[in-house]
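Here's the letter readout for the chains.
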Amino acid sequence: MSKNNDLSTKDFVLGVVFGATVSAIAALLFAPKSGKELRKDLGETTSKTLESTDEYLDLAREKGSKVMHDMEDAASTYFSIAENKMKSAFTKAENQLDETTDNLDELVEDTIEEIKK
């Protein structure tokens, strides 16, 4: 995965965590609760946010791994195709060179025979 994708994923996850945390804290602070209830709710919200973050990170890793695997497969396929095409081109060039050499040999032999006559 590229640096830009890594940064985008990291920025996204940080944004989700930050947004969830700020909204949860705001909701709890404006709710009419005692300090004990508020601390309990803050702890639960923090735990849920951390769990969500872990889930997002796992999903991002999984998708990144799949993208890398797909890219490796595609590159392998393209390199194989390129190798086969190059081999074919070299074989054609070699055959053409052999044919040209044979034609030149015949022309030289014919010329020598003509000169002898």
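None of the values given here were measured: they were computed from a predicted structure.

A separate point is a negative patch on the surface. On the surface, Glu 94, Asp 98, Glu 99, Asp 102, Asp 105, Glu 106, Glu 109, Asp 110, Glu 113 and Glu 114 cluster together into a negatively charged patch. Turning to its location among the elements, Asp 110 is positioned in helix H2 (residues 35–116). Judged by its relative accessible area of 48%, Asp 110 falls in the partly exposed class.

Glancing now at the packing of aromatic side chains. Aromatic ring pairs are defined here through the distance separating the ring centres and the angle between the ring planes. In this structure the tally under the stated criterion is one aromatic pair. Seen in terms of ring centroids, Phe 12 and Tyr 56 are 5.8 Å apart; in terms of plane orientation they differ by 90°. Their pairing is edge-to-face. Of this pair, Phe 12 sits in helix H1 (residues 3–30) while Tyr 56 sits in helix H2, and the two are 44 residues apart along the sequence. Using a relative accessible area of 48% as the deciding quantity, one classes Phe 12 as partly exposed. Here Tyr 56 falls in the partly exposed class, since its relative accessible area comes to 35%.

Glancing now at the pattern of salt bridges. Side-chain pairs of opposite charge can arise where the charged atoms are in close proximity. All chains considered together, the criterion is met by three salt bridges. In this structure, the salt-bridge partner of Lys 66 is Asp 70, at a minimum N-O distance of 2.9 Å. Highlighted residues: Lys 66 and Asp 70, both in helix H2, separated by four residues, approximately one helical turn. Its salt-bridge partner being Lys 87, residue Glu 83 comes within 3.6 Å of it at the nearest N-O pair. Separated by four residues within a single helix, Glu 83 and Lys 87 lie in helix H2, roughly one turn from each other. By relative accessible area, Glu 83 is classed as partly exposed at 42%.

How each quantity is defined
Residues numbered from 1 in each chain as written. Predicted model: local features only at pLDDT ≥ 70, side-chain atom pairs only at ≥ 80, totals over all residues. Heavy atoms only, no water. Patch = residues over 30% accessible without salt bridge, like charges linked within 9 Å, V, L, I, M, F, W, Y side chains within 5 Å. Areas by Shrake-Rupley, 256 points an atom, 1.4 Å probe, with all protein chains shown as cover. Salt bridge = Lys/Arg side-chain N within 4 Å of Asp/Glu carboxyl O. Lys, Arg positive; Asp, Glu negative; His and termini not counted. Charge placed at Lys NZ, Arg CZ, Asp CG, Glu CD. Helix = DSSP H or I, 4+ residues; strand = E, 2+ residues; numbered from the N terminus. Buried < 20%, exposed > 50% of the residue type's maximum accessible area, 1.4 Å probe, protein only. Phe/Tyr/Trp six-rings, centres within 6.5 Å; stacked < 30°, edge-to-face > 60°.

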